[in-house]
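Spelled out from the first residue to the last, the chains are:
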Amino acid sequence: MRQSAEEEAAARLAELRAERGWSLGELAERTGVSRSTLSRAERAEISPTAALLNRLCHVYGRTMSRLLGEVEAGAEPAPLVRAGEQPVWQDRASGFVRRSVSPPHPALRGELVEGRLAAGADLAYDRPPVPGLEQHIWVLEGALEVTAQDTGHHLAAGDCLRLRVWGPTRFRCTGDEEARYVLAVVLP
């Protein structure tokens, strides 16, 4: 019987830790996340938030798309990804929905992600998954405030912000409607 996506993600997180020979305590020290939370995430007792996945991606040197793609596929990614086959992940706690439009590929440095933030949603990352990650954020609908390197950028539909991420970032939906945006991610 096939595992659920959450169970597969949990198993992959446990595999990544085991591949490095780290105890839960060592991983907790590296991420700043409690051992009990990490243990519960690896056993699929909780669904990790975007912030937790980001911290884990940072220590494992992966983008969130790559981590989620390892769970979804396993086989060589196809060059064409139909809309119905694009993996969608939700962080219900923050009101964030993430669609991997163009999943990562080991031979390529870029990927496309569609992000949706519910009205009033606030999503903060304390560090990039990969230091120096290049991001292009193109707002399709709604209003989005992106803060990076202590500078806030107010984006409306049609606006595009490009930056390299070295420290904390924050995405906030500032309008009364959902914000929908495209995130182009390029590995350094």
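Note that this is a predicted model, so its numbers are computed, not measured.

Undergrad: Can you explain the overall build of the protein? Please cite residues and give values.
TA: A count of helices and strands for the protein gives five helices and 10 strands. On C-alpha atoms alone, the protein measures out to a radius of gyration of 16 Å, which is about the 16 Å that the 2.2 N^0.38 rule sets for 188 residues. C-alpha extents for the protein along the principal axes are approximately 45 × 35 × 30 Å. Residues counted as buried form 40% of the 188 residues belonging to the protein. Within the protein, residue pairs in contact and separated by at least 24 positions form 66% of the contacts whose partners lie at least 6 positions apart. Counting only carbon and sulfur atoms, one obtains 50% of the accessible surface of the protein, whose full area is about 9900 Å². Of the charged side chains in the protein, 23 are positive and 26 negative, and the gap between their average positions amounts to 4 Å.

Undergrad: How would you sum up the packing of aromatic side chains? Please name residues and give values.
TA: To describe a pair of aromatic rings, you give the distance between the ring centres and the angle between the ring planes. Tallied over the full model, the rule gives four aromatic pairs. Through a chain of ring-to-ring contacts, three or more aromatic side chains come together here, namely Tyr-125, Phe-171 and Tyr-181. Over the ring of Trp-22 we find Arg-20, and its NZ or CZ is 5.9 Å from the ring centre.

Undergrad: Provide a residue-level description of the pattern of salt bridges, including the pertinent values.
TA: Counted by the stated rule, this structure contains 16 salt bridges. The partner of Arg-99 in a salt bridge is Glu-114, and the shortest N-O contact between them spans 3.3 Å. One end of the pair, Arg-99, is in strand β2 (residues 96-102); the other, Glu-114, is in strand β3 (residues 110-117), and 15 residues separate them in sequence. Asp-122 is the partner of Arg-170 in a salt bridge, and the nearest nitrogen-oxygen pair spans 2.5 Å. Placement of the pair is Arg-170 in strand β9 (residues 169-173) and Asp-122 in strand β4 (residues 122-125), with a sequence separation of 48 residues. Taking the relative accessible area as the measure of exposure, Arg-170 reaches 33% and is therefore partly exposed. The network of salt bridges with common partners includes Arg-99, Glu-114, Arg-116, Glu-141, Glu-178 and Arg-180.

Undergrad: Which residues make up the side chain of Glu-111, and what values go with them?
TA: Mapped onto the elements of the fold, Glu-111 is located in strand β3. A distance of 3.4 Å separates polar atoms of two side chains, one belonging to Glu-111 and the other to Thr-63.

Undergrad: Describe the sheet that holds strand β10 (residues 179-186), and please don't skip the residues or the numbers.
TA: Spatial ordering of the open sheet is given by β1-β2-β3-β10-β5-β8, a layout of six strands whose pairing is antiparallel. This sheet does not close on itself; its edge strands, each paired only once, are β1 (88-91) and β8 (160-165). Between one strand axis and the next, the sheet turns by 25° as a mean value, whatever way the strands run. One ladder, built from four bridges, connects β1 with β2; its direction is antiparallel. Looking across to β2, one finds that Gln-90 is bridged to Val-97.

Undergrad: Could you give me a rundown of the nonpolar core, with the residues and numbers involved?
TA: Among the nonpolar cores identified, the biggest contains 42 residues, and Met-64, Phe-96, Leu-117, Ile-137, Leu-144, Phe-171 and Tyr-181 are the most heavily contacted of them. No other element matches helix α4 (residues 50-60), which puts seven residues into this core.

Undergrad: Kindly report on the sheet that holds strand β7 (residues 151-155), identifying the contributing residues and their values.
TA: The pairing of strands in a sheet comes from backbone hydrogen bonds and takes either a parallel or an antiparallel form. The strand order across the open sheet built from four strands is β4-β9-β6-β7, with neighbouring strands paired in antiparallel fashion. Whereas interior strands pair on both sides, the edge strands pair on one side only; in this sheet they are β4 and β7. Strand-to-strand, the axes of this sheet are offset by a mean angle of 15°, without reference to chain direction. In this structure, strand β6 (residues 144-148) lies alongside β7, joined through five bridges in antiparallel fashion. Bridging from a neighbouring strand, Glu-145 pairs with His-154 of β7.

Quick notes on the rules
- Residues numbered from 1 in each chain as written.
- Predicted model: local features only at pLDDT ≥ 70, side-chain atom pairs only at ≥ 80, totals over all residues.
- Heavy atoms only, no water.
- Helix = DSSP H or I, 4+ residues; strand = E, 2+ residues; numbered from the N terminus.
- Rg over C-alpha atoms; globule rule 2.2 N^0.38 Å.
- Buried < 20%, exposed > 50% of the residue type's maximum accessible area, 1.4 Å probe, protein only.
- Contact = heavy atoms within 4.5 Å.
- Areas by Shrake-Rupley, 256 points an atom, 1.4 Å probe, with all protein chains shown as cover.
- Lys, Arg positive; Asp, Glu negative; His and termini not counted.
- Charge placed at Lys NZ, Arg CZ, Asp CG, Glu CD.
- Phe/Tyr/Trp six-rings, centres within 6.5 Å; stacked < 30°, edge-to-face > 60°.
- Lys NZ or Arg CZ within 6 Å of the ring centre and 35° of its normal.
- Salt bridge = Lys/Arg side-chain N within 4 Å of Asp/Glu carboxyl O.
- Polar contact = N/O pair within 3.5 Å; in protein donor to acceptor, adjacent residues only side chain to side chain.
- Pairing = 2+ DSSP bridges.
- Axes fitted to C-alpha atoms, helices over the stretch in contact; angles between N-to-C directions.
- Core = buried A, V, L, I, M, F, W, Y, C linked by side-chain atoms within 4.5 Å.

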